[in-house]
Amino acid sequence: MANQQPNSGNPRVDIEYRRKKSAEEMKHQVITFAMMIFLTIVAFVAAGYEGFSAWFIVPFILILAVVQVIFQLYYFMHMSHKGHEAPALFLYSGALVGFITIIAFLTVIWW
């Protein structure tokens, strides 16, 4: 509750508080966007570099993709905010079911 300010009844204070919170959130989104662009550039460089084998490039790019998905969900889809616990639960449960399904199919095919 330290981060939330109740409605003080003074519109000027409330507007200043919302501006400060919006500026802070925008700063986080810009930083996250820059990090995602950097990770994309790293993935392109890794794919274009002749010195790496495909056994390194494919898992490396998949790891970068997972990191970008986490950034996307956490910052751009506001999963970090209070009140988004239920959608986050369903989203992560669906991802877990999808992961288990992929592992099950890979296990059936390869063994």
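No experiment lies behind these values; they were computed from the predicted model shown.

(A) Spotlight on the overall build of the chain. Scanning the chain for helices and strands turns up 3 helices and 0 strands. The N-to-C order of helical and strand elements in the chain reads α-α-α. When burial is assessed residue by residue, the chain has 13% of its 111 residues classed as buried. Taking all contacts inside the chain whose residues are at least 6 apart in sequence as the whole, residues at least 24 apart take part in 44%. Of the roughly 9,200 Å² of accessible surface on the chain, 73% is carried by carbon and sulfur atoms.

(B) View of the UniProt feature "transmembrane region" (unreviewed entry) in the chain. Per the UniProt record, the feature "transmembrane region" (unreviewed entry) sits at residues 30-49, 55-77 and 89-110. Taken end to end, residues 30-49 is 95% helix and 0% strand, and its two terminal C-alpha atoms sit 29 Å from one another.

(C) How the structure looks around the packing of aromatic side chains. This model, assessed by the stated rule, comprises 3 aromatic pairs. Arranged with centres 4.9 Å apart and planes meeting at 65°, the rings of tyrosine 49 and phenylalanine 52 form a pair that is edge-to-face. Judged by centre distance (4.9 Å) and plane angle (50°), the ring pair of phenylalanine 52 and phenylalanine 56 falls under tilted. Accessibility expressed as a relative area gives 37% for phenylalanine 56, which makes it partly exposed.

(D) Just helix H2 (residues 54-76), in detail. End to end, H2 covers 31 Å across 23 residues, agreeing with the expected 33 Å (1.5 Å per residue, within 8%). For H2, the set of buried residues is Ile57, Leu64, Gln68, Phe71 and Leu73. Following H2 by one or two positions, histidine 78 has its phi on the positive side, about 60°.

(E) Region of the structure containing the nonpolar core. One finds Met36, Leu39, Ala43, Leu64 and Phe71 forming the largest nonpolar core, which totals 5 residues. Of all the elements in the fold, those that place two or more residues in this core are helix H1 (11-48) and H2. When residues in this core are grouped by element, the largest group, 3 residues, is from H1. If near-sequence neighbours (up to four positions away) are discounted, methionine 36 is found in contact with Gln68, Phe71, Gln72 and Phe76.

(F) Highlighting a nonpolar patch on the surface. A contiguous nonpolar surface patch, about 570 Å² in accessible area, is contributed by Leu96, Phe99, Ile100, Ile102, Ile103 and Leu106. As for its placement among the helices and strands, isoleucine 103 is situated in helix H3 (residues 85-110). Relative accessible area serves as the criterion here: at 38%, isoleucine 103 is assigned to the partly exposed category.

(G) Structural detail: the side chain of threonine 32. When you line up the elements, threonine 32 lands in helix H1. Sequence-distant contacts of threonine 32, that is, excluding residues within four places in its chain, are made with Phe71, Tyr75 and Phe76.

Conventions adopted
- Residues numbered from 1 in each chain as written.
- Predicted model: local features only at pLDDT ≥ 70, side-chain atom pairs only at ≥ 80, totals over all residues.
- Heavy atoms only, no water.
- Helix = DSSP H or I, 4+ residues; strand = E, 2+ residues; numbered from the N terminus.
- Buried < 20%, exposed > 50% of the residue type's maximum accessible area, 1.4 Å probe, protein only.
- Contact = heavy atoms within 4.5 Å.
- Areas by Shrake-Rupley, 256 points an atom, 1.4 Å probe, with all protein chains shown as cover.
- UniProt positions renumbered as here; feature names shortened; annotations may be inferred.
- Phe/Tyr/Trp six-rings, centres within 6.5 Å; stacked < 30°, edge-to-face > 60°.
- Expected span 1.5 Å × (residues − 1).
- Core = buried A, V, L, I, M, F, W, Y, C linked by side-chain atoms within 4.5 Å.
- Patch = residues over 30% accessible without salt bridge, like charges linked within 9 Å, V, L, I, M, F, W, Y side chains within 5 Å.
- Salt bridge = Lys/Arg side-chain N within 4 Å of Asp/Glu carboxyl O.

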